[in-house]
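Analysis of the macromolecular model
As a plain string of letters, each chain reads:
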Amino acid sequence: MTQEIRRVAILFAGGPAPAANSVIATAASSFMKEGIEVYGIKHGYSRLAEYTASGPMREGVDYIKFTHEMLAHARTSRGIMIGTARTNPGKHVSSPEHLDDAELSAPLRRVYEGLVSMGVDALISIGGDDTLKTANKIKMFQDRLPEDAKKFPVVHLPKTIDNDYMGIDFTFGYFTAVETLAEEIRNLNYDASAGRAYFICEAMGRSAGWLAYGAAIAGEASMVLSVEDIAGSLRGEEVINAETGETRPVMEIDRVIDRMVDMMLARERQGREYGVIVIAEGLAEFLPSKNLEGIDRDEHGHIAISQINLGAMISGLLTRRYEERTGKTRKVNGLQLGYECRCAPPHAFDVMLGSQLGVGAYRALKEEKLNGVMVSVSGQLDLHFVPFDNLVDPKTLVTKVRFIEGDSDFYKLARFLETCVED
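Here the structure is a predicted model, which is why all the values come from computation and not from measurement.

**Observations regarding helix H9 (residues 348–367)**
Its 20 residues place the ends of H9 27 Å apart at the C-alpha level, agreeing with the 28 Å of an ideal helix rising 1.5 Å per residue. A positive backbone phi angle near 55° is found at Lys369, which sits one or two residues after H9.

**Some points on the pattern of salt bridges**
Under the defined criterion, the tally for this structure stands at 25 salt bridges. With a closest N to O distance of 3.5 Å, Arg6 and Glu4 form a salt bridge. The exposed category is assigned to Arg6, whose relative accessible area is 53%. Between Lys133 and Asp130 there is a salt bridge whose closest N-O contact spans 2.9 Å. On the criterion of helical spacing, the pair formed by Lys133 and Asp130 is a turn pair, its members being three residues apart in helix H4 (residues 129–143). The pair formed by Lys133 and Asp130 is uniform in burial state, with each residue classed as buried. Look at the salt bridges and you will find they share partners, linking Arg196, Glu268, Glu273, Lys328 and Arg330 into a network.

**Quick notes on the sheet that holds strand E6 (residues 198–203)**
If you trace the four strands from one edge of the open sheet to the other, you get E7-E10-E6-E11, paired in parallel fashion. Each edge of the sheet is formed by a strand with only one pairing partner; in this case those strands are strand E7 (223–225) and strand E11 (332–336). Across the sheet, the mean angle separating the axes of adjacent strands is 20° when strand polarity is ignored. With six bridges connecting them, E6 and strand E10 (residues 275–280) associate as parallel partners. Considered in E10, the bridge of Cys201 is made with Val278.

**Examining unusual backbone geometry**
At Asn163, a position not held by glycine, the phi torsion is positive, near 60°. Looking at the element boundaries, Asn163 is found in the loop between strand E5 (154–158) and helix H5 (174–195). Here Asn163 falls in the buried class, since its relative accessible area comes to 0%. Residues other than glycine seldom take positive phi values, yet Leu381 does so here, at roughly 55°. Within the secondary structure, Leu381 is located in the loop between strand E12 (373–378) and strand E13 (382–387). A residue is classified by how much of its surface remains accessible, and Leu381, at 22% relative accessible area, is partly exposed.

**Considerations on the state of the cysteines**
If you walk through the whole model with that rule in mind, you get zero disulfides. Sulfur of Cys201: no disulfide; nearest cysteine sulfur belongs to Cys341 and is 12 Å away. Judged by its relative accessible area of 1%, Cys201 falls in the buried class. Cys343 carries a free sulfur, and the closest cysteine sulfur to it, the one in Cys341, is 9.2 Å from it. Of the residues examined, Cys343 reaches a relative accessible area of 32% and is grouped as partly exposed.

**Some words on the sheet that holds strand E3 (residues 63–65)**
Across the sheet, which stays open at both edges, the seven strands sit in the order E3-E2-E1-E4-E5-E12-E13 with mixed pairing between neighbours. Each edge of the open sheet carries a strand with a single partner, namely E3 and E13. Strand-to-strand twist in this sheet, taken as the mean axis angle between neighbours without regard to direction, amounts to 25°. Pairing analysis gives five bridges linking strand E1 (residues 7–12) to strand E2 (residues 37–41), with the strands arranged parallel. Bridged to Leu11 within E2 is Ile41.

**Regarding the packing of aromatic side chains**
Here the structure, examined in full by the defined rule, presents eleven aromatic pairs. Ring geometry for Trp210 against Phe410: centres 5.2 Å apart, planes inclined by 25°, an arrangement best described as stacked. Within this pair, whereas Trp210 is found in helix H6 (residues 210–219), its partner Phe410 is found in helix H10 (residues 409–417), the two being separated by 200 residues in sequence. For Trp210, a relative accessible area of 9% puts it in the buried group.

**Overview of the pairing of strand E8 (residues 235–241)**
As paired elements, E8 and strand E9 (residues 246–251) share six bridges and run antiparallel to each other. Residue pairing for E9: Glu237 is matched across the bridge by Pro249. Between E8 and E9, which pair antiparallel and follow one another directly, the connecting turn spans four residues, one of which, Gly245, has a positive phi of 80°.

**A closer look at the pairing of E5**
Summarising burial for E5: five of the five residues are buried, a large majority. Residues Val154, His156 and Pro158 point to one face of E5 and Val155 and Leu157 to the other, with burial holding for every one of them. Regarding topology, H4 serves as the crossover connection from strand E4 (residues 122–127) to the parallel E5, and that connection is right-handed. Summarising the sheet, E5 and E12 pair through two bridges and their orientation is parallel.

Analysis parameters
Residues numbered from 1 in each chain as written. Predicted model: local features only at pLDDT ≥ 70, side-chain atom pairs only at ≥ 80, totals over all residues. Heavy atoms only, no water. Helix = DSSP H or I, 4+ residues; strand = E, 2+ residues; numbered from the N terminus. Expected span 1.5 Å × (residues − 1). Salt bridge = Lys/Arg side-chain N within 4 Å of Asp/Glu carboxyl O. Buried < 20%, exposed > 50% of the residue type's maximum accessible area, 1.4 Å probe, protein only. Pairing = 2+ DSSP bridges. Axes fitted to C-alpha atoms, helices over the stretch in contact; angles between N-to-C directions. Disulfide = S-S within 2.5 Å. Phe/Tyr/Trp six-rings, centres within 6.5 Å; stacked < 30°, edge-to-face > 60°. Right-handed = clockwise from strand over helix to strand, strands pointing away.

Okay, structure coming up:
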């Protein structure tokens, strides 16, 4: 992209993450040092997706113009200074051909027209994998416009406390979230020890177990289970269409519970009649269909995991199974953890990582003149610019999940530290 950048828009979408303001403030100040105006779009795509020519974007209501005073001490502050939302303007676009359909791509067009009406010369998108998909669709939508149409580059900054992003080793906010949850697990360990009880802690992590594993390791949990562990004897298949034979993977819930009981008995042989088990919320996706009836789905088609209360469900099953196998009772409490860690005070590493990503947006747009890239870091916070094409499937326009690899030393660390259970 060769056109001069005079005005940049920054947009944050999806769930909060610690150090969000480190990213936003650093990106804004980097451009402002060059005399470039920076606008913060308020509450994600919610207003832009509804933009019409008769309803102009309003400063102070739909967006803010950053000033140096606004950015004072912002890099280490909590929350999201421009707010967020889960509105998904590209939810009806699931293939490149859909971008040529005026009805399916209408929300993307409204986003484009809203930003053009503000005189925006570049868009910085901050968010998770769904937001990355949206950023890619906005770029692809512009690629189809006439040559003389106004176009602006799009750069994406990866955000998720789940840390399951392809293209980057660790995402900002992950370590703060892990420490926040780990401290709660440590407290629960003392509570469990005092009452000879167990806690089932359901941690965030829909697609992968990074947060559950990190919190379990740092919080000294007795066991951790995530979607990566639903394999081998713990994995089954459920027929969902008798005519076609279509199936979906489900967990062998009885074997999962028995594995937890095995761990409890192993600890009892060591003289420890208590513990904390950490499970990733994404295990709910592997529940049989009968357990998912009536559960709502969000803008991106995901099941509303919070409505299931997986921790309470597993605790009930574990309580009964333990009594069946031992003839004894053991109190097991199910808890959902997660919201409390999303706006925790950011740790130093997350502030540094977030700040580098913010600077990376400036360097990608102003110095490298790139379009359609995600900013990444590795090593000594070295910057890399990963093309959207390397991260998004060109046919389905979906992203890939970065799972914890079963042969990785991170996975083996968790197995080494938890109470050993024979497979």
